[in-house]
Amino acid sequence: MSEIFKNKKIIVGVTGSIAAYKSAHLVRELKKLGAEVFVIMTPSATEFITPLTLENLSRNPVTVDMFDKNAQSGGAWHIHAANECDLMIIAPCSASTLSKIATGICDNALVTIATALPPEVPLIIAPAMDSTMFLSPAVQRNLKTLLSDGVHIIQPANGELSSGLIGPGRLPEIDILVNEISKILSSKTEISFATNKHYNLESLRSFYENKKVLVTAGPTIEKIDDVRYLTNRSSGKMGYAIAEKSSMLGADVILISGPVKIAPPANVKLINVESAEEMYEASIKNFKSCDFAILSAAVADFTPIVKAQGKMKKEDIGNELTIHLTQTKDILLDISKLRKKSQIVTGFALEHVNEIENGIKKLQRKKCDIIVLNSMSKENSGFETDMNTITILDAKGVIKDYPTMDKSDCALVILESIKNY
Ligand code: CTP
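Residues numbered from 1 in each chain as written. Predicted model: local features only at pLDDT ≥ 70, side-chain atom pairs only at ≥ 80, totals over all residues. Heavy atoms only, no water.

Q: Before we move on, could you go through the sheet that holds strand E12 (residues 269-272) and cite the residues and values that matter?
A: A sheet is described by the order of its strands in space; here eight strands give the open sequence E12-E11-E8-E13-E16-E17-E19-E20, paired in mixed fashion. Of all strands in the sheet, those bounded by a partner on one side alone are E12 and strand E20 (399-401). Across this sheet, the average inter-strand angle for adjacent strands is 15°, counted without regard to direction. The sheet contact formed by strand E19 (residues 390-394) and E20 spans three bridges and is antiparallel. Note on E20: the bridge partner recorded for Ile392 is Lys400. In the packing of helix H17 (residues 407-420) onto the sheet, contacts are made with strand E13 (292-295), strand E16 (344-351), strand E17 (370-375) and E19, and the angle to E19 comes to roughly 15°. (Pairing = 2+ DSSP bridges. Helix = DSSP H or I, 4+ residues; strand = E, 2+ residues; numbered from the N terminus. Axes fitted to C-alpha atoms, helices over the stretch in contact; angles between N-to-C directions. Contact = heavy atoms within 4.5 Å.)

Here it is as structure tokens:
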């Protein structure tokens, strides 16, 4: 991991939040990994942690005052600083800094730098505040604006807050922040490759604005009894990235999700389900009003015919257990059969032999418009990873291979293929 950070210039923005003390750990960790760290604080942040602490840990002067004589370096210091860095992270980010960045109110050094960042420099924001503030319409509106501006948002963790309330709002653990920075730094090359070659954000935005997108994600669980179940390996990351990017592009998103360990993107309608049957019911019910369905869930293909009540006892079962399974209903097939001409249906396929040939067969059998093919034979492809290597096939005969990309970029490439279909 330290290779990724070596000599990278990272600006750490700190704002007025009780979690500001954690920024000291973040700065120390980034320094340990070999990054050069420059801290910028809002005046309120200095009420929670002193600039001297962060100056010592970063071994660089800390900027608080926009008109600080030492920071000027001949004028336009904010432009130089923004252009010279590789990435900026604001952690913790308060509600007020969020709103200033969303609207471009540059009344302090931190917001000025964040606004001056050139498009190729990633900005990560980790909001941290009380849950009532985080869930307020104003903060959610600003988050949606920032997402659509291409800002990376790290969702706050759920838990006990300093106010004593319990809910979303905690700054995630430092390793989560560091992981996110590492992911973004390492995929920066692929991101610019994908941006240049495979999608155009502006045209995507005008296509998806006010469209309705249905996404299925994650695994389903099929109960054997009330304790045991059958499931598929799936983290839900691909589907969640599609939901997040669709919403960022202005679409109304319904995300039907099996049990996963990741936080849902802001501003999507989340429907939590467990079994394939529940996912089927929710998908069929919601599909009618949607323009696009993107079914990325790893739905269990089989479910026990009888689901035992309580917990089956080993002594009652004996040495061998036979479970009779029946096929689950195929959501992709039934949605494809239901679709009107104006609706586009995209499915996924994970193949390990004759990938393209089997992908085309699956496209025809499931009667859908597009298949996103994950190859089990390629590195960084498929379930449980942050990156993916995909091929997109469509019913008009287009077959396109893509380089390994972060799942957020894969999501944009998939949305671009739907737009071009
Ligand atoms: N799918 C679905 N409902 C199911 C099973 C799968 O909607 N009951 C969808 C998945 O969400 C995915 C696609 O179908 O978009 C591919 O599923 P997969 O299980 O790979 O296809 P099958 O043809 O069912 O399986 P196999 O690979 O065994 O041929």
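Next comes the rest of the write-up.
Q: So what's going on with helix H8 (residues 137-148)? Which residues, and what values?
A: Taking 1.5 Å of rise per residue, 12 residues should cover 16 Å, and H8 covers 16 Å from first to last C-alpha, within 8% of that figure. Every buried residue of H8 is listed here: Val139, Gln140, Asn142, Leu143, Leu146, Leu147 and Ser148. Summarising the contacts, the buried residues of H8 are in contact with helix H5 (95-103), strand E4 (123-127), helix H7 (131-134), strand E5 (152-153), helix H11 (201-208) and helix H12 (237-248). (Expected span 1.5 Å × (residues − 1). Buried < 20%, exposed > 50% of the residue type's maximum accessible area, 1.4 Å probe, protein only.)

Q: Provide a residue-level description of the site of the ligand, including the pertinent values.
A: Taken together, 14 residues surround the ligand, and among them Leu295, Ala297, Phe348, Lys362 and Arg365 come closest. The contact in question runs from a nitrogen atom of the ligand to an N or O atom on the side chain of Thr328, over 3.1 Å. Residue Lys362 places a side-chain N or O atom 2.8 Å away from an oxygen atom belonging to the ligand. In isolation the ligand exposes 580 Å². Once the protein is present, 76% of that is buried. (Near = heavy atom within 4 Å. Polar contact = N/O pair within 3.5 Å; in protein donor to acceptor, adjacent residues only side chain to side chain. Areas by Shrake-Rupley, 256 points an atom, 1.4 Å probe, with all protein chains shown as cover.)

Q: Mind laying out the confidence of the model for the protein, listing which residues take part and the relevant values?
A: When pLDDT is averaged along the protein, the result is 90; 94% of the residues meet or exceed 70. Here residues 189-196 scores under 50 on pLDDT; set against residues more than four positions off or in separate chains, the count is nine contacts. (pLDDT = per-residue confidence, 0-100.)

Q: Can you tell me about the environment of Leu87, naming the residues and giving the values?
A: Inspection of the secondary structure puts Leu87 in strand E3 (residues 87-93). Sequence spacing of Leu87 and Val12 is 75 residues, and the spatial spacing of their C-alpha atoms is 8.8 Å. Each residue touching Leu87, except ones within four places of it in the same chain, is listed here: Lys9, Ile10, Ile11, Val121, Pro122, Ile124, Ile181, Ile184 and Leu185.

Q: Hey, could you go over the packing of H12 against H17 for me, with residue numbers and the actual values?
A: Contact geometry of H12 with H17 gives a least axis separation of 8 Å together with a crossing angle of 60°. By the angle class used here, H12 and H17 are oblique. In the crossing of H12 with H17, the sense of the turn from one axis to the other is right-handed. Contact residues: Lys237, Met238, Ala241, Ile242, Lys245, Ser246 and Met248 in H12; Lys407, Ser408, Cys410, Ala411, Leu412, Ile414 and Leu415 in H17. A per-class count over the contact of H12 with H17 returns nine nonpolar, two polar and three charged. (Parallel < 35°, antiparallel > 145°, perpendicular 65-115°, else oblique. Left-handed = near helix turned anticlockwise from the far one by under 90°. Nonpolar A, V, L, I, M, F, W, Y, C, P; charged D, E, K, R; others polar.)

Q: Run through the pattern of salt bridges, naming residues and quoting values.
A: Opposite charge on two side chains permits them to pair, given that their charged atoms come into close proximity. Within the structure shown, the criterion is met by 13 salt bridges. In this structure, the salt-bridge partner of Lys223 is Asp226, at a minimum N-O distance of 3.8 Å. You can call Lys223 partly exposed: its relative accessible area is 35%. A single salt-bridge network, built from bridges that share partners, covers Glu277, Glu281 and Lys329. (Salt bridge = Lys/Arg side-chain N within 4 Å of Asp/Glu carboxyl O.)

Q: Now, about the nonpolar core: what can you tell me, with residues and values included?
A: By size, the foremost hydrophobic cluster in this structure holds 65 residues, and its most contacted members are Met88, Ile90, Leu123, Ile125, Tyr208 and Ile414. Per element, the largest residue contribution to this core is seven residues, and it comes from H17. A domain split of this core shows at least three residues from each of domain 1 (2-186) and domain 2 (196-303 + 322-420). In terms of nonpolar packing, the next biggest core, distinct from the first, is built from 33 residues, Ile10, Leu30, Ile89 and Ala91 among them. (Core = buried A, V, L, I, M, F, W, Y, C linked by side-chain atoms within 4.5 Å. Domains from an automatic or database assignment.)

Q: A description of the sheet that holds strand E2 (residues 36-41) should follow, citing residues and the corresponding values.
A: Pairing is parallel in the open sheet, where five strands are placed in the order E2-E1-E3-E4-E5. Each of the sheet's edge strands pairs with one partner strand only, and the pair in question is E2 and E5. Pairing between E3 and E4: four bridges, direction parallel. Paired with Ile89 across the strands is Ile124, a residue of E4. The sheet contacts of helix H3 (residues 51-58) involve strand E1 (9-14) and E2, and relative to E2 the element is tilted by about 170°.

Q: Describe unusual backbone geometry, naming the residues involved and giving the relevant values.
A: Geometrically, the link from Ala91 to Pro92 is a cis peptide bond, its omega value of 0° lying close to zero. Looking at the secondary structure, you find Pro92 in strand E3. Phi angles above zero are rare outside glycine, and Asn210 is one such case at about 65°. Mapping Asn210 onto the fold places it in the loop between H11 and strand E8 (212-217). The exposure class assigned to Asn210 is exposed, which follows from its relative accessible area of 64%. Positive phi values are uncommon outside glycine, yet Asn267 reaches one of about 65°.

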